[in-house]
Amino acid sequence: MEYFPDEKIVDIEEAAEKKEEKAAEKKKSLGFAVWNVGGTGYKLKLSTAGIKELESRYKTNIINMMQPKDGESMLPLTLMLDVTHVAMKPWNHGIKAKEMDALFDRYMEDGGSQLDFYANVYMEIFMVSGFFSRSLAEDMSETMEKAREEM
């Protein structure tokens with residue numbers, strides 16, 4: 001029988017606890033994307049009802065709304081703002097579709113860009129809404145964070 005000093009036992013127990021905590025974190029939801037405009041953070045996440053609303057409106061699968069079509073370099077701003085509004089409605093009551101233009105204008109005045117919006121807000125909506133595997137979403141999140149730091 002081997003003897004382990006008490007501190008080794010504690011280290012083993014701590015390692016096991018940390019492993020369990022990491023596993024629990026992976027099971028947690030990714031939460032919400034947040035669009036910060038004028039000092040206000042707007043929570044964003046697509047619900048099933050929201051996805052159905054968008055698919056009905058645009059007559060296509062929601063997956064097709066993530067990437068520009070062949071020959072296009074960027075998704076139409078109208079589409080991105082519509083998706084964002086639908087993702088915003090359940091969590092930010094009372095914001096009308098017409099107000100999205102003013103919010104985006106303010107976002108631009110505060111130094112945002114359409115490309116920044118696409119990368120850091122729009123794609124985040126899809127990430128937190130479960131359109132990517134957890135590991136891919138975590139990888140994308142890390143990559144986007146690194147890109148933000150380089151901006």
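Note that this is a predicted model, so its numbers are computed, not measured.

J.: I'd like a rundown of a nonpolar patch on the surface, residues and numbers included.
T.: A cluster of nonpolar side chains, contributed by Phe32, Val34 and Trp91, occupies part of the molecular surface with about 250 Å² of accessible area. The topology assignment puts tryptophan 91 in the loop between α3 (77-88) and α4 (99-109).

J.: Account for the nonpolar core, with residues named and values stated.
T.: Residues Trp35, Leu46, Phe117, Tyr122 and Phe126 are the most contacted members of the largest nonpolar core, which totals 34 residues. Sorting the residues of this core by element identifies β1 (33-37), β2 (40-44), α2 (48-58), α3, α4 and α5 (114-128) as the ones contributing at least two each. Per-element accounting of this core gives the leading share, 9 residues, to α5. Filtering out sequence-adjacent residues up to four positions away, tryptophan 35 remains in contact with Thr40, Gly41, Tyr42, Leu44, Thr84, Met88, Met100, Leu103, Phe104, Tyr107, Phe117 and Val121.

J.: Tell me about α2, and name the residues and values.
T.: Those residues of α2 that sit buried are Gly50, Ile51 and Leu54. Down the axis of α2, the sector holding all buried residues measures 100°, keeping them to one side. Turned more than 90 degrees off the buried face of α2, the exposed positions are Thr48, Ala49 and Lys52. Each element contacted by the buried residues of α2 is listed here: α3.

J.: Requested: an account of unusual backbone geometry, with residues and values cited.
T.: Phi at lysine 59 is positive, roughly 55°, even though this residue is not glycine. Residue class for lysine 59 comes out exposed when judged on its relative accessible area of 69%.

The rules behind these values
Residues numbered from 1 in each chain as written. Predicted model: local features only at pLDDT ≥ 70, side-chain atom pairs only at ≥ 80, totals over all residues. Heavy atoms only, no water. Patch = residues over 30% accessible without salt bridge, like charges linked within 9 Å, V, L, I, M, F, W, Y side chains within 5 Å. Areas by Shrake-Rupley, 256 points an atom, 1.4 Å probe, with all protein chains shown as cover. Salt bridge = Lys/Arg side-chain N within 4 Å of Asp/Glu carboxyl O. Helix = DSSP H or I, 4+ residues; strand = E, 2+ residues; numbered from the N terminus. Core = buried A, V, L, I, M, F, W, Y, C linked by side-chain atoms within 4.5 Å. Buried < 20%, exposed > 50% of the residue type's maximum accessible area, 1.4 Å probe, protein only. Contact = heavy atoms within 4.5 Å. Arc of directions from axis to C-beta.

Nothing here speaks to function; it is geometry throughout.
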